[in-house]
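Report on the structure
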Amino acid sequence: MRIERIEIRHTKMELVSAFETSMGVERHEEHIIVRVDGDGLTGWGESAVAPGPFYSYETVGTAWHALRDFLIPAVLGRTVAEPADAAALWSRVRGHRMAKAGLEAALWDALAKARGLSLARMLGGVRDRVPVGVSVGLQENPEALVRKVGAYLEEGYGRIKIKIAPGRDAALVKAVRAAFGPVPLQVDANSAYSLDDAPIFEALDGAGLLLIEQPLSHEDIFDHAKLQARLRTPICLDESIHSAADARAAVEMKSCRVINIKPGRVGGLLESAAIHDYCAGRGLPVWHGGMLESGIGRAANVALASLPNFTLPGDISASRRYFKQDIVEPEFVLGPGSTLAVPTGPGIGVEVVPDRLARVTERIETFRAEAI
Ligand code: OSB
Ligand code: MG
């Protein structure tokens, strides 16, 4: 496929309810949607950045800069047959993984369409439905959290993740356990603790949690190994893993027993699949994280999560858990057994609805290859 035209848009979508974590509160999701055109095909991708550098150092502004000034010029007017060809063209660019992931995803979509394959098939997916859970933000108090969790269980979610932060941890787990007994439950600290807080996690070790996600610093793998040695509950790394090389270091150091894979955090679907394969070979389960994506990013996430070693439920909830109206058709809906269906149509397998996309677009820039 010859890459003839690339469009990037800064989108802003209102969440149905505020999402609070140890990193702050979000009421809107601001991402970059990438559209690639060539050979009569269109591909869509989503860069799940944020206005501020609080989850990762990348922001809407830095990703825009990396796309406009480096990544798009590297591929515009070039011919790519495989996503790896595009990754090779921008291989000199270090970091900026969320920016790369958005552009790479759009190319995957277009290239899968060129072959008449679903993205899941092209990635090597083996499931037609993927198990999912729901990630519940910090609430005003434990009672409010219990109400929120109860409503999600009522809707059919079979796995609950709650956010924790210093001073808002053990009491929340206790309240959810008291209200709902042995429901599959995990916690996510988003890097809010230090090794000195190990006793807090030792106290949680008897709570039957599926895993404890990213308790310590966002780039650490060393202290996590020390903490993991003190716990029976698996530690799962999110923020600390940026590549398959990081995954190998963390596994060899015994820093975690589970890895959360998010294509944005690791630079795309190709690197995500490499982490998946590495973990499968080492006997570690993986699961698909989420960044409150629109239906465009969600469709790619569901496709990736259909790979065989995504055995734990993903943070890939239904469209309505996030937004009043998604920007794709069909929207993602929760199915039987707390699953989402993997789209089977070509590429991401969902249609972008142009007027809905236009309504959430804040800024748009288009790049064209010179005619040949
Ligand atoms: O740490 O997993 C996280 C959202 C934004 C940034 C980081 C995280 C999250 C979530 C949301 O937990 C998961 C979802 O998309 O449902
Ligand atoms: Mg996380």
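Residues numbered from 1 in each chain as written. Chains lettered and ligands numbered in written order. Predicted model: local features only at pLDDT ≥ 70, side-chain atom pairs only at ≥ 80, totals over all residues. Heavy atoms only, no water.

**Examining the coordination of the magnesium ion (ligand 2)**
For the magnesium ion (ligand 2), every protein donor is listed as Asp188 (OD), Glu213 (OE) and Asp238 (OD), and the spread of their distances is 2.1 to 2.3 Å. Read in sequence order, the donor residues for the magnesium ion (ligand 2) give the motif D-x24-E-x24-D. On the criterion of sequence distance, the pair formed by Glu213 in strand β8 (residues 212-213) and Asp238 in the loop between β9 (235-237) and α9 (244-252) is long-range, its members being 25 residues apart. Comparing Glu213 with Asp238, the two get one shared label, buried. (Donors = N, O, S within 2.8 Å, 3.2 Å for Na, K, Ca; no water. Helix = DSSP H or I, 4+ residues; strand = E, 2+ residues; numbered from the N terminus. Buried < 20%, exposed > 50% of the residue type's maximum accessible area, 1.4 Å probe, protein only.)

**Notes on the packing of helix α5 (residues 142-155) against helix α6 (residues 170-180)**
Orientation of α5 relative to α6, taken along the N-to-C sense of each, is 50 degrees, at an axis distance of 9 Å. The orientation of α5 with respect to α6, classified from their angle, is oblique. The hand of the α5/α6 crossing is right-handed. From α5, Pro142, Leu145, Val146, Val149, Gly150 and Leu153 reach across to α6, where they touch Leu172, Ala175, Val176, Ala179 and Phe180. Its residues assigned to classes, the contact of α5 with α6 shows 10 nonpolar, 1 polar and no charged. (Axes fitted to C-alpha atoms, helices over the stretch in contact; angles between N-to-C directions. Parallel < 35°, antiparallel > 145°, perpendicular 65-115°, else oblique. Left-handed = near helix turned anticlockwise from the far one by under 90°. Contact = heavy atoms within 4.5 Å. Nonpolar A, V, L, I, M, F, W, Y, C, P; charged D, E, K, R; others polar.)

**Remarks on the site of ligand 1**
Taken together, 15 residues lie near ligand 1, and Ser135, Asp188, Asn190, Leu292 and Tyr322 sit nearest. At a separation of 3.1 Å, an oxygen atom of ligand 1 approaches a polar side-chain atom of Asp238. At a separation of 2.7 Å, an oxygen atom of ligand 1 approaches a polar side-chain atom of Tyr322. In isolation ligand 1 has 390 Å² of accessible area, and contact with the protein removes 98% of it. In this structure the site holding ligand 1 corresponds to the largest pocket. Looking at the shell around ligand 1 residue by residue, the class counts come to 5 nonpolar, 3 polar and 7 charged. (Near = heavy atom within 4 Å. Polar contact = N/O pair within 3.5 Å; in protein donor to acceptor, adjacent residues only side chain to side chain. Areas by Shrake-Rupley, 256 points an atom, 1.4 Å probe, with all protein chains shown as cover. 1 Å grid on protein atoms, 1.4 Å probe; cavity = no way out; pocket = protein on both sides within 12 Å on 5 of 7 lines; lining within 4 Å. Sits in = over half its atoms within 2 Å of the grid points.)

**Quick look at the pattern of salt bridges**
The full count for this structure, using the stated rule, is 19 salt bridges. The partner of Lys163 in a salt bridge is Asp188, and the shortest N-O contact between them spans 2.7 Å. Highlighted residues: Lys163 in strand β6 (residues 160-163) and Asp188 in strand β7 (residues 185-188), separated in sequence by 25 residues. One connected set of salt bridges, linked through shared partners, spans Arg159, Lys161, Lys163, Asp188, Glu213 and Asp315. (Salt bridge = Lys/Arg side-chain N within 4 Å of Asp/Glu carboxyl O.)

**Considerations on the sheet that holds strand β1 (residues 5-21)**
One open sheet accounts for 4 strands, arranged β3-β2-β1-β15; its pairing is antiparallel. Every interior strand has two partners, whereas the edge strands, β3 (41-47) and β15 (361-368), have only one. Adjacent strand axes in the sheet meet at a mean angle of 25 degrees when their direction is disregarded. In the sheet, β1 pairs with strand β2 (residues 24-38) via 13 bridges, with the strands oriented antiparallel. For Ile8, the partnering residue across the bridge sits in β2 and is Val34. Across the face of the sheet, helix α1 (residues 60-75) comes into contact with β1, β2, β3 and β15 while running at roughly 155 degrees to β1. Together, β1, β2 and β3 form the strand contacts of helix α3 (residues 97-114), whose direction differs from that of β3 by roughly 150 degrees. (Pairing = 2+ DSSP bridges.)

**Looking at the domain arrangement of the protein**
In terms of domains, the protein is made up of domain 1 (5-116 + 354-368) and domain 2 (121-341). For domain 1 versus domain 2, the separation of C-alpha centres amounts to 23 Å. Counting residues at the interface gives 36 residues for domain 1, matched by 43 residues for domain 2. Summed over both partners, the interface of domain 1 with domain 2 comes to about 3,200 Å²; 66% of that surface belongs to carbon and sulfur atoms. Area buried by domain 1 at its contact with domain 2 is led by Tyr55, Trp108 and Arg356, which between them contribute 23% of it. (Domains from an automatic or database assignment. Buried area = accessible area lost by both parts, 1.4 Å probe.)

**Quick look at the packing of aromatic side chains**
Under the definition given, this model contains 3 aromatic pairs. Judged by centre distance (5.8 Å) and plane angle (85 degrees), the rings of Tyr152 and Tyr157 are edge-to-face. Of the two residues examined, Tyr152 and Tyr157, each falls in the buried class. Here the aromatic rings of Tyr193 and Phe201 are separated by 4.9 Å at their centres, their planes lie at 80 degrees, and the arrangement is edge-to-face. Residue classification places Tyr193 among the buried positions, given a relative accessible area of 4%. Relative accessible area serves as the criterion here: at 0%, Phe201 is assigned to the buried category. Its end group placed over the ring of Trp287, Arg159 keeps NZ or CZ at 5.3 Å from the ring centre. The cationic tip of Arg363 hangs over the ring face of Trp64; the distance from NZ or CZ to the ring centre is 4.0 Å. (Phe/Tyr/Trp six-rings, centres within 6.5 Å; stacked < 30°, edge-to-face > 60°. Lys NZ or Arg CZ within 6 Å of the ring centre and 35° of its normal.)

**Re the environment of Leu357**
With respect to the helices and strands, Leu357 occurs in helix α14 (residues 354-360). Sequence spacing of Leu357 and Arg9 is 348 residues, and the spatial spacing of their C-alpha atoms is 9.5 Å. Apart from residues lying up to four places away in sequence, Leu357 is in contact with Arg9, Thr11, Ile33, Trp44, Ile327 and Val352.

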